[in-house]
Amino acid sequence: MTPDLRVSVAGIELKNPVIAASGTFGYGVEFEDVVHLDRLGGFVVKGLSREPMIGNPPPRLYETAAGMLNAIGLQNIGARAFVDEKLPKLRQIKNAAVIANVFGYTREDYEHTIHILNEGEGIAAYELNVSCPNTQHGGIQFGSDPRSLDALVSSA
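Residues numbered from 1 in each chain as written. Predicted model: local features only at pLDDT ≥ 70, side-chain atom pairs only at ≥ 80, totals over all residues. Heavy atoms only, no water.

Enquirer: Mind laying out the packing of aromatic side chains, listing which residues take part and the relevant values?
Expert: Under the criterion given, the structure shown has 5 aromatic pairs. With 6.1 Å between their ring centres and 45° between their planes, Y27 and F82 make a pair best called tilted. In this pair, Y27 sits in the loop between β3 (19-20) and β4 (42-48) while F82 sits in helix α1 (residues 79-90), placing the two residues 55 residues apart along the sequence. Both residues of the pair, Y27 and F82, belong to the buried class. Judged by centre distance (6.3 Å) and plane angle (80°), the rings of F103 and Y105 are edge-to-face. (Phe/Tyr/Trp six-rings, centres within 6.5 Å; stacked < 30°, edge-to-face > 60°. Helix = DSSP H or I, 4+ residues; strand = E, 2+ residues; numbered from the N terminus. Buried < 20%, exposed > 50% of the residue type's maximum accessible area, 1.4 Å probe, protein only.)

Enquirer: Can you tell me about the environment of L74, naming the residues and giving the values?
Expert: You can see L74 is positioned in the loop between β6 (67-70) and α1. A sequence separation of 80 residues divides L74 from S154, and the C-alpha atoms of the two residues are 24 Å apart. Here L74 is in contact with M53, F103, Y105, N129 and C132, once residues within four sequence places are set aside. (Contact = heavy atoms within 4.5 Å.)

Enquirer: Account for the side chain of T113, naming residues and giving values.
Expert: For T113, the position within the fold is in helix α2 (residues 107-118). Beyond its immediate sequence surroundings of up to four residues, T113 is in contact with L48, S49, R50, A79, V102 and F103.

Enquirer: Break down the nonpolar core for me, citing the residues and quoting the values.
Expert: Side chains of a nonpolar character, in soluble globular proteins, are inclined to be buried together. Within the largest apolar cluster, 28 residues are counted, with the highest numbers of intra-cluster contacts made by F43, V45, L48, F82, L90, Y110 and L117. Elements with a contribution of two residues or more to this core: β4, α1, β7 (97-102) and α2. In terms of residue count, the dominant contributor to this core is α1 (5 residues). When residues no more than four places from it in sequence are discounted, the contact partners of Y110 are V102, F103, G104, L128, N129, V130, C132, F142 and L152. (Core = buried A, V, L, I, M, F, W, Y, C linked by side-chain atoms within 4.5 Å.)

Enquirer: Help me get a handle on the packing of α2 against helix α3 (residues 146-155), residues and values and all.
Expert: It is at 9 Å that the axes of α2 and α3 come closest, and there the two elements cross at 20°. The angle between the axes of α2 and α3 places the two elements in the roughly parallel class. As α2 runs across α3, the sense of the crossing is right-handed. Each of R107, Y110 and E111 in α2 lies in contact with α3, whose residues at this interface are A151, L152 and S155. Looking at the contact of α2 with α3, its residues break down into 3 nonpolar, 1 polar and 2 charged. (Axes fitted to C-alpha atoms, helices over the stretch in contact; angles between N-to-C directions. Parallel < 35°, antiparallel > 145°, perpendicular 65-115°, else oblique. Left-handed = near helix turned anticlockwise from the far one by under 90°. Nonpolar A, V, L, I, M, F, W, Y, C, P; charged D, E, K, R; others polar.)

Enquirer: Explain the side chain of D109 to me, and be specific about the residues and the numbers.
Expert: With respect to the helices and strands, the residue D109 is situated in helix α2. On the accessibility criterion, D109 (16% relative accessible area) is buried.

Enquirer: Please give an account of the pattern of salt bridges that cites residues and values.
Expert: Side-chain pairs of opposite charge can arise whenever the charged atoms involved come near each other. Applying the stated rule across the entire model yields 6 salt bridges. Among the salt bridges present, the one from E30 reaches K86, with a minimum N-O distance of 3.9 Å. Of this pair, E30 sits in the loop between β3 and β4 while K86 sits in helix α1; the two residues are 56 residues apart in sequence, bridging distant segments of the chain. On the accessibility criterion, E30 (40% relative accessible area) is partly exposed. When the shortest N-O distance is used, the salt bridge between R80 and E119 registers 2.7 Å. With R80 in helix α1 and E119 in the loop between α2 and β8 (123-128), this residue pair connects regions lying 39 residues apart in the sequence. Exposure remark for R80: the relative accessible area of 35% places this residue in the partly exposed category. Taken together, the salt bridges that share partners define one network made up of R107, E108 and E111. (Salt bridge = Lys/Arg side-chain N within 4 Å of Asp/Glu carboxyl O.)

So, to be careful, I would describe these as geometric facts and stop short of saying anything about function.
See the structure below:
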């Protein structure tokens, strides 16, 4: 007998509570040869921005005695390319929730990115990366200022 592992998170039904985290799982499709994607409850895709970003120049990884440090620099293909190239493939995965990680440097960046992503079908939720500097307010992180965070979440 197979146990029922279904869970509901913020109104999103997942067939099990296993979700691959953003930043570690690319856009999902890169791992289809390693992981049976349809066995996951869902996954959070790599951070997406309004426009493509090339990220930091190499070296990006450094091995230490305690593990590894990385500074990828939020490299991504941009929201439009994600909707056109990756999302159609992700929609073919049976019963796995797709959650898009979104980041920006202004509230308008987040809004515009989400607007583009909303043009596609199949995204169950958004994860807001609020560790980016808010360039309109002196470079503070959105997540470090309650008013800024409230405004960002409300507009998103």
